[in-house]
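# Observations on chain architecture
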Amino acid sequence: MAHLLLLTRDTAISADILPALGLLSHQVSVAAAEAASLVNADPDVVLFDARLDLVGARNFCRTLHAAGSHLPVLLIVTEGGLAALSPDWAPQDFVLVTAGPAEVEARIRLLAAGDDSDDVIRAGRVEIDEAAYAARLDGNRLDLTYTEFELLKYFAAHPGRVFSREQLLSEVWGYDYFGGTRTVDVHVRRLRAKLGDADSLIGTVRNVGYRFDAR
């Protein structure tokens, strides 16, 4: 269980700001959305409510970066706010307010674990940064769902190996998943679409399954 510090200008409870938090077991403290709230605070991850305060989020991230702080910051944004995000803000990661508990949990867990070069998987044109929960193709970040990210990460970690649909279900979705293998085909198709002209990186092995070709 991580200690989370949620910085916001909203008086609502944390589960109203990021609904998925209400389904997780982390300890959440709420404070004003300003750098001064970090004084005497020792959170594992800072969540900044940027839904209606993009300027404040930008200034907060820049202030921490300029101070040399390595405190992990997760911005909570709306889909409309994504267009305003810029690398010079220097946030560690962001999450949409509509994200499900599995995705929020994964992002918090990776941020709380800290940044480590061993968390970066490189396979040809693809780079998977587990700490930042980011996937890049030729240096450009891919907009992936939680399951698409996990699927691409698994492929990239095992280039050249052939996996059956049943293997992918057990390794990526987990043994407690009761869906059929058709789910794998659907997600592979969506993932290929997001890879664009690099869709051939995920090859189909007839009557067997799929293979990642790290060219």
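See the structure printed just above.
Procedures and definitions
Residues numbered from 1 in each chain as written. Predicted model: local features only at pLDDT ≥ 70, side-chain atom pairs only at ≥ 80, totals over all residues. Heavy atoms only, no water. Helix = DSSP H or I, 4+ residues; strand = E, 2+ residues; numbered from the N terminus. Expected span 1.5 Å × (residues − 1). Buried < 20%, exposed > 50% of the residue type's maximum accessible area, 1.4 Å probe, protein only. Pairing = 2+ DSSP bridges. Right-handed = clockwise from strand over helix to strand, strands pointing away. Axes fitted to C-alpha atoms, helices over the stretch in contact; angles between N-to-C directions. Parallel < 35°, antiparallel > 145°, perpendicular 65-115°, else oblique. Contact = heavy atoms within 4.5 Å. Nonpolar A, V, L, I, M, F, W, Y, C, P; charged D, E, K, R; others polar. Salt bridge = Lys/Arg side-chain N within 4 Å of Asp/Glu carboxyl O.

It is worth spelling out helix α4 (residues 146-157) at this point. Three- or four-residue spacings in an α-helix give side chains the same orientation, since the helix completes a turn every 3.6 residues. In a regular helix each residue adds 1.5 Å, so 12 residues correspond to 16 Å; α4 covers 17 Å between its end C-alpha atoms and thus fits that length. Of all 12 residues in α4, 9 are buried; the element is thus mostly enclosed. Along α4, the positions that sit buried rather than exposed are Glu 148, Phe 149, Glu 150, Leu 151, Leu 152, Lys 153, Tyr 154, Phe 155 and Ala 156.

Another point: the pairing of strand β4 (residues 73-77). Among the 5 residues of β4, 5 are classified as buried, and the element is accordingly described as predominantly covered. Of the pairings in the sheet, the one linking strand β3 (residues 45-49) to β4 comprises 4 bridges and is parallel in character. Across the sheet, the residue bridging to Asp 49 is Ile 76, located in β4. Regarding topology, helix α2 (residues 54-66) serves as the crossover connection from β3 to the parallel β4, and that connection is right-handed. Across 4 bridges, β4 lies against strand β5 (residues 93-96) in parallel orientation. Within β5, the position partnered with Ile 76 by the bridge is Val 95.

Helix packing geometry: the angle between the two helix axes and the distance between the axes. Helix α6 (residues 182-195) packs onto α4 with a crossing angle of 85° between their chain directions and a minimal axis gap of 10 Å. With respect to each other, α4 and α6 are oriented roughly perpendicular. Along the contact surface, α4 presents Thr 147, Glu 148, Leu 151, Leu 152 and Phe 155, while α6 presents His 187, Val 188, Arg 190, Leu 191 and Lys 194. A class-by-class count of the residues in the contact of α4 with α6 yields 5 nonpolar, 2 polar and 3 charged.

Bringing the pattern of salt bridges into the picture now. Across all of its chains, the model carries 12 salt bridges by this definition. In this structure, Asp 138 engages Arg 125 in a salt bridge whose closest nitrogen and oxygen atoms are separated by 2.7 Å. With Asp 138 in the loop between β8 (134-137) and β9 (140-141) and Arg 125 in the loop between β6 (120-123) and β7 (126-129), this pair connects stretches of sequence that are 13 residues apart. Taking relative accessible area as the criterion, Arg 125 reaches 31% and is therefore assigned partly exposed. Close ionic contact of Arg 125 with Asp 197 constitutes a salt bridge, the shortest N to O distance being 3.8 Å. Placement of Arg 125 in the loop between β6 and β7 and of Asp 197 in the loop between α6 and β11 (202-205) is noted, with a sequence separation of 72 residues between them. One salt-bridge network, in which partners are shared between bridges, spans Asp 93, Glu 103, Arg 107 and Arg 141.

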